Protein chains: 2
Amino acid sequence: MKQLMDKTETMDYVVEPFQEDFTGRLSWSVLGRKILATAGAHADNRGFGIKQLLPRGYSWVLARLKIEMDTMPRLGDPYRVETWIHSVYHTFTDRCFAIVHPQTGKAYGYAYSTWAMIHFDTRRAVNLEDLPDGGIVAYADAEKACPVSPFRPVRMRGGEDEFSREVDVLYNDLDVNRHTNSIRYIEHILDLFPASLYEAKRVRSAEMYYRGEAYYGDRLRLTRLRQAVGEYAVSVDKLPDSDKGETKPVNACLSRVIFE
Amino acid sequence: MKQLMDKTETMDYVVEPFQEDFTGRLSWSVLGRKILATAGAHADNRGFGIKQLLPRGYSWVLARLKIEMDTMPRLGDPYRVETWIHSVYHTFTDRCFAIVHPQTGKAYGYAYSTWAMIHFDTRRAVNLEDLPDGGIVAYADAEKACPVSPFRPVRMRGGEDEFSREVDVLYNDLDVNRHTNSIRYIEHILDLFPASLYEAKRVRSAEMYYRGEAYYGDRLRLTRLRQAVGEYAVSVDKLPDSDKGETKPVNACLSRVIFE
């Protein structure tokens with residue numbers, strides 16, 4: 001019987017200079033990248049990472065991600081990202097994250113995510129419960145607490161204070177798969193809010209639903225709508241390219257951002 | 001007599017997932033931030049860093065920066081940033097950087113930069129040769145080789161293939177001083193070039209002249225002009241805000257980018 005590794009992967013980081021936002025807190029951009037990098041290390045070290053999947057024509061796709069932070073570390077503060085598989089169900093797997101102080105163990109916050117494994121060519125999702133060796137299922141740990149509030153569908157109606165901005169998908173937006181990096185959407189979304197809001201409040205929660213991919217040269221329209229005090233729904237839509245005969249926008253991403 | 005520390009500060013990094021561009025090489029954005037972070041550690045550890053200056057009302061201002069890379073590390077590759085003071089002259093100091101492989105010592109590339117120390121309120125530059133204790137002068141090492149080609153003024157005339165884009169200064173552009181982060185200009189500048197150029201060539205050199213600051217809500221116009229094969233001059237200009245009675249654009253930054 002194959003020896004299982006620890007179900008949880010742990011990586012330690014420190015907030016380095018130029019990783020803070022203007023309020024002096026770790027930026028969501030850097031936090032998001034560290035969260036995904038830790039997930040990648042977890043999967044690679046247990047035999048079901050991109051490293052093992054890509055040569056066989058498969059990859060992981062992030063379907064949704066919710067990050068809730070009670071506090072953010074500041075310049076020089078250490079932080080640890082722990083990640084583990086919560087559950088595996090048909091073609092999806094849920095992965096949890098705890099962001100903690102490595103010495104005190106105090107949680108800065110938590111994150112919860114849902115992933116699918118797809119074949120590059122067919123775009124079909126794999127039934128994750130049927131993988132050889134039990135694969136990922138053997139690593140699931142539904143007991144370990146991940147106190148993130150449940151996902152809640154984002155609807156772009158009701159509300160007020162509507163505001164839109166259009167951006168082009170450019171060199172810095174792309175990851176090695178040549179589509180817009182999942183975390184880059186969070187950056188563009190946080191750019192929709194005025195500096196005065198960041199001075200008065202801080203982002204407590206970012207909830208992302210990834211629904212379509214955007215490529216170099218695509219034009220995105222980001223629309224935000226305030227639905228409660230400090231709570232915003234955001235839609236990111238790929239605008240139609242008339243050269244390609246497209247006539248309607250296609251949703252690339254929905255999001256809810258909560259300031260407190 | 002005070003014991004001097006080593007004149008060179010050395011910091012080791014590894015290219016982590018989500019730190020590459022779409023070609024799989026370390027992004028200029030991350031490289032630039034590591035270069036500045038290493039400079040900050042060098043100064044802080046030797047008594048003339050932001051940590052010591054801010055409480056007295058002073059800060060460092062980056063006037064120009066040239067980064068030349070023979071190769072870029074890729075995912076998982078280690079790289080070391082070494083930095084030292086090359087020289088101190090009146091109100092300026094030149095600081096060099098070597099980006100090397102920590103085991104083989106082979107250079108990925110070098111960078112050269114010029115800085116001034118200014119008083120926050122008066123904006124006046126300090127004569128760096130007159131600091132108490134010899135200060136920074138005692139750390140200068142003009143002998144250590146930093147083979148970066150000399151700075152060459154950027155002129156926005158001649159050339160062809162002119163292209164402009166306007167961007168707003170938003171949340172993600174700001175550093176803790178609340179003006180556009182020096183490295184963010186490099187990101188915006190590299191976003192001026194098409195994906196096809198990055199597929200055919202790679203950026204060998206980025207040369208930056210910082211001339212004015214941009215704040216939240218400012219609108220910037222970036223203009224690029226091809227002046228030789230693979231060589232582009234770029235101007236970043238703050239557009240006038242008619243609400244403030246401004247009538248003319250003000251130059252924020254000039255740059256030369258060389259692809260090879």
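All of the points below concern the structure found in this document. (Residues numbered from 1 in each chain as written. Chains lettered and ligands numbered in written order. Predicted model: local features only at pLDDT ≥ 70, side-chain atom pairs only at ≥ 80, totals over all residues. Heavy atoms only, no water.)

### Details of the relation of the copies chain A and chain B
- Of the transformation placing chain A onto chain B, the axial shift is 0.0 Å and the rotation is 180°, giving an RMSD of 0.0 Å. Interpreted geometrically, this transformation is the action of a two-fold axis. Within chain A, the C-alpha atom positioned nearest to the axis of rotation is that of A:V167, 4.5 Å from it.
- Interface residue correspondence from chain A to chain B reaches 100%, placing this contact among same-surface, isologous pairings. (Least-squares fit on C-alpha atoms with pLDDT ≥ 70 in both. Contact = heavy atoms within 4.5 Å.)

### A short note on the nonpolar core
- By size, the foremost hydrophobic cluster in this structure holds 125 residues, and its most contacted members are A:Y79, A:F193 and B:F193.
- The residues contacting A:F193, other than those within four sequence positions of it, are A:Y198, A:R224, A:Y232, A:V234, A:V257, A:F259 and B:Y216. (Core = buried A, V, L, I, M, F, W, Y, C linked by side-chain atoms within 4.5 Å. Buried < 20%, exposed > 50% of the residue type's maximum accessible area, 1.4 Å probe, protein only.)

### Some words on the pairing of strand 4 (residues 92-100) of chain A
All names here are of chain A.
- Counted residue by residue, strand 4 has eight buried out of nine residues, so it is predominantly covered.
- Here strand 3 (residues 78-89) runs beside strand 4; their pairing, made up of nine bridges, is antiparallel. What sits directly across from T83, in strand 4, is F97.
- Between strand 3 and strand 4, which follow one another and run antiparallel, lie two residues, and H90 among them has a positive phi close to 50°.
- Pairing analysis gives nine bridges linking strand 4 to strand 5 (residues 107-119), with the strands arranged antiparallel. Each bridged residue has a counterpart across the sheet, and for A98 the counterpart in strand 5 is Y110.
- In textbook terms, the turn of a hairpin is the stretch between consecutive antiparallel strands, and for strand 4 and strand 5 this stretch comprises six residues, one of which, G105, has a positive phi near 80°. (Helix = DSSP H or I, 4+ residues; strand = E, 2+ residues; numbered from the N terminus. Pairing = 2+ DSSP bridges.)

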